[in-house]
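# Notes for the structure review
The residues making up each chain are set out below.
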Amino acid sequence: MRHGEIRLTLGRPRDGVTLYPSKMPDYSTDEQFLMRALELARQGIGLASPSPYVGAVIVDSNDNIVGTGVYTYAGVKHAEVLALKQAGNKARGGTLYINLEPHSHQGRTPPCTDALIAAGIHRVVASMPDPNPKVSGRGFEKLRSAGVHVEVGRLEAEARRLNEAFARYIRLGTPLVTLKSAMTLDGKIAPPSTLGVNREVGSPRGGWITGEAARAHVHEQRHQSDAILVGIGTVLADDPLLTDRSGHPRRRPLLRIILDSQLRLPLSSRLVQSAKQDGVCKNDVLVFCRAGEEKKVKELEAFGIRVEQLPPVPVDPRPDLHAVLRRLGELEIISVMIEGGATINGTALSAGVVDKVFLYYAPKILAMPGSIPFASSAIKEAPQVKHLHLHRFGEDFAVEGYLRDPYED
């Protein structure tokens with residue numbers, strides 16, 4: 001059959017046999033509609049966690065978009081159901097474009113596959129299967145058994161990157177860990193601690209290394225994360241706020257996590273002072289400690305700070321990072337970005353908890369004796385960073401890469 005030729009395709013049986021006029025799939029058009037679905041899915045960033053980002057587009061037999069949908073956790077209804085509602089009767093005989101496999105199980109909502117079948121969707125084009133091993137492939141199987149033509153795999157790489165945090169969380173119960181840092185070309189994150197430098201409040205010791213464009217992108221990164229984690233050393237040195245200042249909406253505030261083995265967090269710090277808004281606790285600061293005086297715990301709690309004690313690693317007084325991540329998984333935190341200093345960077349790498357890195361570089365060389373390196377903990381073997389992506393921010397650049405595949409054990 002020639003490209004574009006009209007044909008009659010035998011549809012799935014409902015009240016007898018239904019015939020749908022259709023065209024041979026135009027795969028370039030398929031990618032355009034899938035790109036639109038991915039764009040819609042990205043609108044759920046900050047609003048969908050701990051669920052995945054999903055966007056849906058429904059197109060009629062004339063390639064007209066008749067319905068779209070974006071999933072948000074608060075909205076409950078899934079993207080494909082929202083698109084069906086918008087399309088109405090125009091969905092019958094149409095094509096659904098979606099970045100993630102439609103779900104076929106009862107959760108917070110009924111199975112989306114049932115709604116798609118009932119609405120008369122003739123074809124489903126999806127980028128990837130559901131990464132949840134308990135249900136992966138079942139949605140496609142149910143659709144195919146009902147006579148729906150299913151195609152999977154277009155723009156899969158983009159779809160996998162978008163939902164990599166969900167994949168890590170739903171399979172292993174712990175968040176995706178991204179190690180972020182900004183440094184000079186010679187790998188230094190700050191000048192010597194004894195060097196006095198005038199700087200604005202909350203800026204890193206020694207002032208900013210990267211320019212405004214790179215720093216603005218950091219807030220986009222924070223917006224994509226459920227939590228940000230630092231060590232107490234960073235708080236004592238820089239007095240940061242650690243907030244998401246991207247300006248984008250989010251369902252729950254960015255969780256600010258401090259590893260503070262001896263509970264040295266100053267009550268006067270901006271982190272503590274910002275834990276409440278208009279006298280109401282925001283519940284967005286969590287401190288993990290190894291030990292702490294009851295008096296200090298109560299003082300912090302009075303400011304709205306959550307304090308949790310975790311067992312230390314043997315022969316290491318600091319909280320166990322693996323235990324921290326398991327606890328965050330229990331709190332439905334699916335992504336965490338480490339923005340600490342040399343100590344926490346080295347500890348995280350040596351503990352093997354880092355999934356990916358996002359390293360910003362400025363065209364500077366900080367060759368002063370005693371300058372602070374990117375990581376200061378002993379690492380037995382140099383981790384291999386794979387699947388690199390390079391980013392440019394004015395004169396600065398960044399390297400994004402993976403220490404392990406979020407979709408593998």
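So, how was this worked out
Residues numbered from 1 in each chain as written. Predicted model: local features only at pLDDT ≥ 70, side-chain atom pairs only at ≥ 80, totals over all residues. Heavy atoms only, no water. Buried < 20%, exposed > 50% of the residue type's maximum accessible area, 1.4 Å probe, protein only. Helix = DSSP H or I, 4+ residues; strand = E, 2+ residues; numbered from the N terminus. Pairing = 2+ DSSP bridges. Core = buried A, V, L, I, M, F, W, Y, C linked by side-chain atoms within 4.5 Å. Arc of directions from axis to C-beta. Contact = heavy atoms within 4.5 Å. Axes fitted to C-alpha atoms, helices over the stretch in contact; angles between N-to-C directions. Parallel < 35°, antiparallel > 145°, perpendicular 65-115°, else oblique. Left-handed = near helix turned anticlockwise from the far one by under 90°. Nonpolar A, V, L, I, M, F, W, Y, C, P; charged D, E, K, R; others polar. pLDDT = per-residue confidence, 0-100. Phe/Tyr/Trp six-rings, centres within 6.5 Å; stacked < 30°, edge-to-face > 60°. Polar contact = N/O pair within 3.5 Å; in protein donor to acceptor, adjacent residues only side chain to side chain.

Here we come to the pairing of strand S16 (residues 335-338). Residue alternation in S16 divides its side chains into two sets, Ser-335 and Met-337 and Val-336 and Ile-338, and both sets are buried. As judged from the four bridges shared by strand S8 (residues 176-184) and S16, these two strands associate in the parallel manner. What sits directly across from Leu-176, in S16, is Ser-335. Bridging between strand S10 (residues 227-231) and S16 involves three bridges; their strand directions are parallel.

What follows is about the nonpolar core. By size, the foremost hydrophobic cluster in this structure holds 43 residues, and its most contacted members are Ile-58, Leu-96, Ile-121 and Val-124. Sort the elements by how many residues they give to this core and helix H1 (residues 27-42) lands first, with six residues. Ala-190, Ala-342, Val-357 and Leu-359 belong to the second largest nonpolar core, which has 33 residues in total.

Let us now look at helix H2 (residues 79-87). Ala-79, Glu-80, Ala-83, Leu-84 and Ala-87 are the residues of H2 that are buried. Angularly, the buried residues of H2 cover 135° about the axis, an arc narrow enough to put them on a single face. Opposite the buried face of H2, at more than 90 degrees from it, the exposed residues are Lys-85 and Gln-86. In this structure, the buried residues of H2 make contact with strand S3 (55-59), strand S4 (65-70), strand S5 (95-98) and helix H3 (112-119).

In this section: the packing of H2 against H3. Packing of H2 against H3 brings their axes to within 9 Å, and their N-to-C directions diverge by 25°. The angle between the axes of H2 and H3 places the two elements in the roughly parallel class. Where H2 crosses over H3, the handedness of that crossing is left-handed. Only Cys-112, Ala-115, Leu-116 and Ala-119 of H3 make contact with H2, whose side of the interface consists of Glu-80, Val-81 and Leu-84.

Two numbers describe how H3 lies on helix H4 (residues 138-145): the axes approach to 10 Å, and their chain directions differ by 25°. Put simply, H3 runs roughly parallel to H4. In the packing of H3 onto H4, the handedness of the crossing is right-handed. Across from Thr-113, Asp-114, Leu-116 and Ile-117 in H3, the residues of H4 making contact are Gly-139, Lys-142 and Leu-143. Here the residues of the contact of H3 with H4 sort into three nonpolar, two polar and two charged.

Strands sit in the order S15-S14-S11-S10-S16-S8-S17-S20-S19 across an open sheet of nine strands; the sheet is mixed. Here the strands that pair on one side only, and so sit at the sheet edges, are strand S15 (306-309) and strand S19 (386-393). Taken over all neighbouring pairs, the strand axes of this sheet differ in orientation by 20° on average, direction set aside. Against the sheet, helix H6 (residues 164-172) makes contact with S8, S16, strand S17 (356-362) and strand S20 (396-402), and its axis sits at roughly 135° relative to S8, the strand it touches most.

In this section: the confidence of the model for the chain. Of all residues in the chain, 89% have pLDDT values of 70 or greater, and the mean over the chain is 89. Below a pLDDT of 50 lies the segment residues 194-201, which in the model reaches 10 contacts outside its immediate sequence neighbourhood of four places, other chains included.

We now examine the sheet that holds strand S7 (residues 149-152). Taking strand neighbours across the sheet as the criterion, the five strands line up as S4-S3-S5-S6-S7 in an open arrangement whose pairing is mixed. Across the chains shown, the open sheet's two edge strands, defined by having one partner strand only, are S4 and S7. Neighbour to neighbour, the strand axes of the sheet diverge by 15° on average, direction disregarded. As paired strands, S3 and S5 are joined by four bridges and run antiparallel to one another. Of the residues in S5, the one forming a bridge with Ile-58 is Leu-96. Contacts between H2 and the sheet are confined to S3, S4 and S5, with S4 contributing the most and set at about 145° to the helix.

This next bit is on the packing of aromatic side chains. Scanning all chains against the criterion turns up four aromatic pairs. Each ring, one from Phe-33 and one from Tyr-97, has its centre 5.1 Å from the other, and the planes form 40°; the classification is tilted. Within this pair, whereas Phe-33 is found in helix H1, its partner Tyr-97 is found in strand S5, the two being separated by 64 residues in sequence. Under the relative-accessibility criterion, Phe-33 is labelled buried at 11%. Residue class for Tyr-97 comes out buried when judged on its relative accessible area of 3%. Summarising the aromatic geometry, the rings of Tyr-361 and Phe-397 are spaced 5.2 Å apart at their centres and angled 15° between planes, so their arrangement reads as stacked.

This part takes up the environment of Lys-188. Along the polypeptide, Lys-188 turns up in strand S9 (residues 188-190). The contact partners of Lys-188, leaving out residues within four places of it in the chain, are Ala-182, Met-183, Ile-209, Leu-366, Ser-371, Ile-372 and Pro-373. Here Asp-186 takes part through its backbone oxygen, which lies 3.5 Å from a polar atom of the side chain of Lys-188.

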